[in-house]
Amino acid sequence: MRTKKVNDIELLLSELDKEQLCEFIRDECAGDKQFQQRFLALGAGTIFCPKSADYQSRVMGIIEAFEGRHGYVEYNDTFNLNRAVCKILYEADVAMNNQRWEAAMAILEGVALAGEDIINCGDDSAGELGSIVEECFSKWHELCHEETLPPKIKSEIFELAIDYFTKEHLKGWDWWWDWIQMAISLADTREKQERVIKALDKVINSKGDEWSVKYDTQTAQLYKLEMMSKSGTPEEQRKFMYEHVGNSDFRRRLLQMAWDEDKFDEVLRLAKEGITHDSEYKGLVNEWHKWELKTYQHENDNANTLKLSRYFFFEGGGFGEKEYSMETMYAQMKSIVSNGEWNDFVDTLIKEPSKKRSGLRTLFIYTQEKMWDRYMEYLRKTPSIYNLDDAPQQVWNLYKDELIRLYASCVRHFFQHASNRSSYCEGVNLLRKLIKHGGKTEVDRIIAEQKARTPRRPALIDELSKLQEA
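So, how was this worked out
Residues numbered from 1 in each chain as written. Predicted model: local features only at pLDDT ≥ 70, side-chain atom pairs only at ≥ 80, totals over all residues. Heavy atoms only, no water. Helix = DSSP H or I, 4+ residues; strand = E, 2+ residues; numbered from the N terminus. Buried < 20%, exposed > 50% of the residue type's maximum accessible area, 1.4 Å probe, protein only. Contact = heavy atoms within 4.5 Å. Areas by Shrake-Rupley, 256 points an atom, 1.4 Å probe, with all protein chains shown as cover. Axes fitted to C-alpha atoms, helices over the stretch in contact; angles between N-to-C directions. Parallel < 35°, antiparallel > 145°, perpendicular 65-115°, else oblique. Left-handed = near helix turned anticlockwise from the far one by under 90°. Nonpolar A, V, L, I, M, F, W, Y, C, P; charged D, E, K, R; others polar.

Caption draft 1: Molecular detail of the overall build of the protein chain. If you tally the helices and strands in the protein chain, you get 26 helices and zero strands. Counting all 470 residues of the protein chain, 42% fall into the buried class. Pairs at least 24 apart in sequence give 56% of the contacts found in the protein chain among residues at least 6 apart. Accessible area for the protein chain stands at about 26600 Å²; split by element, carbon and sulfur atoms hold 51% of it.

Caption draft 2: Main features of the packing of helix 17 (residues 302-315) against helix 18 (residues 326-336). It is the contact of helix 17 with helix 18, at a shortest axis distance of 9 Å, that shows an interaxial angle of 150 degrees. On the basis of their axis angle, the class for helix 17 and helix 18 is roughly antiparallel. In this structure, the crossing between helix 17 and helix 18 has a hand that is left-handed. When helix 17 is examined against helix 18, the residues Asn302, Thr305, Leu306, Ser309, Arg310, Phe312 and Phe313 are found in contact with a partner set consisting of Met326, Met329, Tyr330, Gln332, Met333 and Ile336. A class-by-class count of the residues in the contact of helix 17 with helix 18 yields eight nonpolar, four polar and one charged.

Caption draft 3: Unusual backbone geometry, seen in detail. The peptide bond linking threonine 454 to proline 455 adopts the cis configuration, its omega dihedral lying at -5 degrees. Inspection of the secondary structure puts proline 455 in the loop between helix 25 (440-451) and helix 26 (458-469). Residue leucine 170 is not a glycine yet carries a positive backbone phi of 70 degrees. Take leucine 170: it is sitting in the loop between helix 9 (151-166) and helix 10 (175-186). Positive phi outside glycine occurs at aspartate 262, with the angle close to 60 degrees. Tracing the sequence through the fold places aspartate 262 in the loop between helix 14 (248-260) and helix 15 (264-277). Since its relative accessible area comes to 55%, aspartate 262 is described here as exposed.

The following block contains the structure:
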């Protein structure tokens, strides 16, 4: 059908003369403002001087069309709004391909100027509104890195980017930083580089205790360092990072530099300073402790390596960090502590204050040391389906009958609180596990008890029947 319509259009165009087409276009432009804007865009950069305000107006017209009488773009309409505005952004692609740089700039500036209105015009649960602004700045960066871009256009974009960053356009969103990224990429003279640094220094020197102020300050520091990497010396860059070492990204870089230069005392100093400075942030504290441990291991400092290994045994590394996992740290502690002192050391781990000790680590120690009696004592005090399922086979072999009774007790407790078919089905799965553990007799008792409950629960009886039929 689409091909037929396209063919019909081509056929009609071949039959109409220019005057007929001109008359049609005049009538449509007079009655449809958006059609008029799209038509006039064909001459932007060739016949007309393109203006960003025109494109901003087009975007605002699209928003108004989708807002409806409530002045709000509903979730279901954001996709179509996105497509409509992206058609304007597509015009920027065409302009860049044809090297109509002024037109491309006007289009992107116009959409960027409408950025806040786009973001706030409706329900962006699907991300359709934010993606418009993201696409706009993606094309800005593409334009800035265009190899054939004339110096005059580069300078114009630089001025525009610095101006909007200074005016805090889109501040509060990460797109504000896109302006300074553009300026940095186009700062090809000393004078431009100094203007970028001046704009960033204004942000760096901002006062306030709010999280947003701290975020903006540290982000500006990162961009200033990037600018300095183009215009300054390595010594100046290092000095700047030391002056703002509270920036965790700078501390990481300085730690790596000190490590690469075999300055291990400096590594320890930076790490310890970071632990104090970032004491409220557990993730950063762990990161700086890792540098400490790495250094102590390198220097064969067993006392401090043991101390940090113990710390990470209880605190644990991040997901997937095998190097700092509970298993790795336990093995490392065992390699340091002498055989004669190991049992006493294990007791101190077990007796660690409860805020650090967890059931997982306690049971891990019992398993590693084959303390099956203490493992069983723990299960008696804290029986749960999870703990019982996870118990080593050796414990099941030694205490099978008692464990079956504990497991059955946990299952009975589960059924007491089960109140719908989904939970009944889960309870039946627990009964299947109990059978696998050797508790068929207990399972039969539990089934009889549940079927005899009053008032009767047809859904529960149905699910239990499936188990008996299997």
